[in-house]
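Now for the letters of each chain:
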Amino acid sequence: MKVDKEMVKLSIVYSVMAVAYCLRKTFGWGKIKIYRYAVDMNRYITSVGKQDRDIPALNDELKTEAGIDCTKIFEGYKPYMLKKVSLQKSSEAEAMFEKIKYILPMVIYPLYSREGWKQKRMNRLGQALKETLIDILESDEIDNIKRTMYEECGLKFYDDGTVDPN
């Protein structure tokens, strides 16, 4: 039970950092917009945590209104497809991807609701997210992403998911 909670927490933190990184690298967002996204994310995480909104409902809304199906972003992908790793490491990565696929609607929903993003941008984001999250989990790129976000935007991401706009 404790391991599962930790994995959910990590999947949320990694997903939020991956979205922020993609917003910077793929869409050229600056410090203020990324920080505003992070503040929105805290509100959505709290709302979903209190069960005011549920993730399947967010996914359905994104699918019908924004044209993106979060469950299909990682379709056909198996962790470490081209690398030899232990069965335990592969199983852990697969479990983490399942958690990420589930919570992904929550972390991209503010882009639809606040920014008005539709299918074209959402699909572009989905592809960038897939690549970034694979790098985070398979190549342990999380520290490089944190460093990049700090150096380029002055935003400090903490392991608990909070963001500090230096």
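Look up a bit, the structure's there.
Residues numbered from 1 in each chain as written. Predicted model: local features only at pLDDT ≥ 70, side-chain atom pairs only at ≥ 80, totals over all residues. Heavy atoms only, no water.

Grouped burial of nonpolar side chains is what soluble globular proteins tend to show. Ranked by internal contacts, the top residues of the largest apolar core, which has 55 residues, are Ile 108 and Met 122. Sequence-distant contacts of Ile 108, defined by excluding residues within four places in its chain, comprise Val 19, Leu 62, Ile 68, Cys 70, Met 122, Leu 125 and Leu 129. (Core = buried A, V, L, I, M, F, W, Y, C linked by side-chain atoms within 4.5 Å. Buried < 20%, exposed > 50% of the residue type's maximum accessible area, 1.4 Å probe, protein only. Contact = heavy atoms within 4.5 Å.)

What follows covers helix H5 (residues 119-139). Helix length check: H5, at 21 residues, gives a terminal C-alpha distance of 29 Å against a target of 30 Å (1.5 Å per residue), a fit within 8%. Those residues of H5 that sit buried are Met 122, Leu 125, Gly 126, Ala 128, Leu 129, Lys 130, Thr 132, Leu 133, Ile 134, Ile 136, Leu 137 and Glu 138. (Helix = DSSP H or I, 4+ residues; strand = E, 2+ residues; numbered from the N terminus. Expected span 1.5 Å × (residues − 1).)

What follows is about unusual backbone geometry. Phi at Asp 140 is positive, roughly 50 degrees, even though this residue is not glycine. Tracing the backbone through its elements, the reader meets Asp 140 in the loop between H5 and helix H6 (142-153). For Asp 140, a relative accessible area of 54% translates into the label exposed.

With that settled, the discussion passes to the packing of helix H4 (residues 87-113) against H5. Contact geometry for H4 and H5: axes closest at 12 Å, N-to-C directions at 140 degrees. Classified by the angle their axes make, H4 and H5 are oblique. Relative to H5, the crossing made by H4 is right-handed. In this structure, H4 uses Met 96, Phe 97, Ile 100, Leu 104, Ile 108, Leu 111 and Tyr 112 to contact H5, whose residues at the interface are Met 122, Leu 125, Leu 129, Leu 133, Ile 134 and Leu 137. For the contact of H4 with H5, a count of residues per class yields 13 nonpolar, no polar and no charged. (Axes fitted to C-alpha atoms, helices over the stretch in contact; angles between N-to-C directions. Parallel < 35°, antiparallel > 145°, perpendicular 65-115°, else oblique. Left-handed = near helix turned anticlockwise from the far one by under 90°. Nonpolar A, V, L, I, M, F, W, Y, C, P; charged D, E, K, R; others polar.)

These values are about where atoms sit, not about what they do.
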